[in-house]
Amino acid sequence: MCPCPYMHPAPPQQWHDAQLDFAESMSYGDYLGLDKVLDAQAPRSQQHNEMLFIIQHQASELWMKLLLHELRHARQLIDHGQLGGSHRVLARVLRIMEQMVSSWSILATLSPMEFISFRSDLGQASGFQSYQYREIEFMFGNKNRAMLLPHQHTPQIARNLERCLHSPSLYDVIIQQMARQGLPIAALRLDADPSEPTRSDASVEAAWVQVYQQPERYWDLYQLGEKLMDIEDAFRQWRFRHVTVVERVIGFKKGTGGTEGVEYLRKMLGTVLFPELWSLRSSL
Ligand code: HEM
């Protein structure tokens with residue numbers, strides 16, 4: 001019974017036995033922690049459009065959280081030799097990335113003047129300091145120790161990124177599996193320092209050529225190779241949509257994070273995550 005003094009209307013018949021009293025049990029909002037999530041938008045200005053900017057970033061960070069959750073799982077499965085099991089997980093990873101790519105069209109509705117009206121309120125804050133994004137890049141082998149620098153003031157985050165920097169990337173564990181399946185991978189590649197960015201290796205390319213020439217024999221690896229292609233394709237699209245939206249909104253102004261802005265982001269478009277998977281195409 002509700003203790004408030006108001007008369008409550010009777011629930012419509014179609015609701016059948018819908019639970020309506022959550023004084024003693026967990027509701028939808030309780031389960032999802034909605035009070036915290038929906039209380040986490042704190043615009044710094046009085047400008048209407050700042051809410052879009054905040055929610056687009058927060059939603060992206062939530063998708064990145066799930067992406068990392070799935071990527072860690074996929075890496076563990078592959079490390080344990082369960083390649084087939086990892087395919088479904090990576091299929092989900094791809095869908096999440098596609099979702100992140102398509103969401104740029106919402107932010108593209110922000111006009112330059114709308115952004116200017118609250119941009120100064122961001123201070124030096126920028127996606128450049130997204131630690132989840134850095135972890136994703138590290139997971140894909142794009143290791144860069146300098147990217148830890150903006151996180152020295154938050155020791156727990158810096159420690160976590162340091163750990164990720166030294167952990168094998170998703171691609172590293174796939175290459176180890178290739179060696180376990182008898183494909184000749186150079187010892188230098190297998191023993192490479194995981195904190196260094198992925199460098200193209202001739203033995204890895206030769207191994208992928210074998211996989212692609214005999215997909216029936218190496219079916220699980222072949223499927224993994226194509227999944228990685230899908231993922232890098234989606235990542236390139238994300239970077240491209242980002243830089244395009246940025247140019248549309250701020251032109252060639254410097255970023256709030258302090259880089260040269262669009263020019264910096266254009267350089268990042270040239271990043272190659274899984275080099276041998278691209279180069280093998282010319283060798284087939
Ligand atoms: C109007 C919206 C946006 C503008 C104008 C913008 C601008 C920029 C600029 C100029 C940079 C370069 C670093 C700097 O100097 O600040 C950057 C980096 C970055 N931004 Fe955005 N951004 C926008 C939206 C977003 C959104 C929605 C996300 C999603 C999380 C995001 C994530 C990132 C990331 C991860 C980087 C680092 C990229 C890298 O180092 O390769 N940005 N952004």
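The following refers to the structure shown. (Residues numbered from 1 in each chain as written. Predicted model: local features only at pLDDT ≥ 70, side-chain atom pairs only at ≥ 80, totals over all residues. Heavy atoms only, no water.)

**Regarding the pattern of salt bridges**
This is how it is decided: The term salt bridge refers to a side-chain nitrogen of Lys or Arg lying within 4 Å of a carboxyl oxygen of Asp or Glu. We count a stretch as a helix when DSSP gives it H or I for four or more residues in a row; a strand needs E for two or more, and each element gets its number in order from the N terminus. Each residue's exposure class comes from its accessible area (1.4 Å probe, protein chains only) as a fraction of the maximum for that residue type: buried when under 20%, exposed when over 50%, partly exposed otherwise.
This model, assessed by the stated rule, comprises twelve salt bridges. The salt bridge involving Arg281 is made with Glu226; its shortest N-O contact spans 2.8 Å. Placement of the pair is Arg281 in helix α14 (residues 275-283) and Glu226 in helix α12 (residues 219-250), with a sequence separation of 55 residues. On the accessibility criterion, Glu226 (26% relative accessible area) is partly exposed. Of the charged contacts in the structure, one is a salt bridge between Glu232 and Arg236, with a shortest N-O distance of 3.5 Å. On the criterion of helical spacing, the pair formed by Glu232 and Arg236 is a turn pair, its members being four residues apart in helix α12. Several salt bridges converge on common partners, so that one network encompasses Arg134, Glu137 and Arg239.

**Topic: empty space enclosed by the protein**
In plain terms, the rule: Grid spacing is 1 Å over the protein atoms alone, the probe is 1.4 Å, and a cavity is where that probe fits but cannot get out, while a pocket is an open set with protein on both sides within 12 Å along at least five of seven lines and lining residues have an atom within 4 Å of a point. Grid points are joined across faces, edges and corners, and a volume is the space filled by probe spheres set on the points. Three residue categories are used. Nonpolar comprises Ala, Val, Leu, Ile, Met, Phe, Trp, Tyr, Cys and Pro, charged comprises Asp, Glu, Lys and Arg, and polar comprises the others, including Gly.
Tallied over the full model, the rule gives one cavity of 30 Å³ or more. The volume enclosed by the largest cavity comes to roughly 100 Å³. Lining the largest cavity, in full, are Met64, Leu67, Met97, Met100, Val101, Tyr133, Ile136, Ala234, Phe235 and Trp238. Within the residue set of the lining of the largest cavity, elements represented by two or more residues are α3 (50-79), α4 (83-102), α7 (131-139) and α12. Split by residue class, the lining of the largest cavity holds ten nonpolar, no polar and no charged.

**Concerning the environment of Ile54**
Under the convention used in this document: Residues are treated as being in contact if the distance between any of their heavy atoms lies within 4.5 Å.
Residue placement: Ile54 occurs in helix α3. Exposure remark for Ile54: the relative accessible area of 14% places this residue in the buried category. Leave out the neighbours within four places in its chain, and Ile54 touches Gln41, Ala42 and Pro43.

**Some remarks on the coordination of the iron atom of the ligand**
Stated formally: For Na, K and Ca the donor cut-off is 3.2 Å, and for all other metals it is 2.8 Å, counting N, O and S atoms only; because water is absent from this set, sites may look incomplete.
Inspection of the coordination sphere of the iron atom of the ligand shows a single protein donor, His242 (NE2), at 2.3 Å. Structurally, the position occupied by His242 is in helix α12.

**Looking at the environment of Ala158**
Position of Ala158 among the secondary structure elements: in helix α8 (residues 155-166). A C-alpha to C-alpha distance of 24 Å links Ala158 and Val37, two positions 121 residues apart in sequence.

**Looking at α4**
An α-helix turns once every 3.6 residues. As a result, residues three or four positions apart point the same way. Let me state the cut-off plainly: A helix is expected to span 1.5 Å multiplied by its residue count minus one.
An ideal rise of 1.5 Å per residue puts 28 Å on 20 residues; α4 measures up with 29 Å between its terminal C-alpha atoms. All buried positions along α4 are accounted for by Leu83, Ser86, His87, Val89, Leu90, Val93, Leu94, Ile96, Met97, Met100 and Val101. As for α4, its buried residues are in contact with α3, α5 (104-107), α9 (170-180) and α12.

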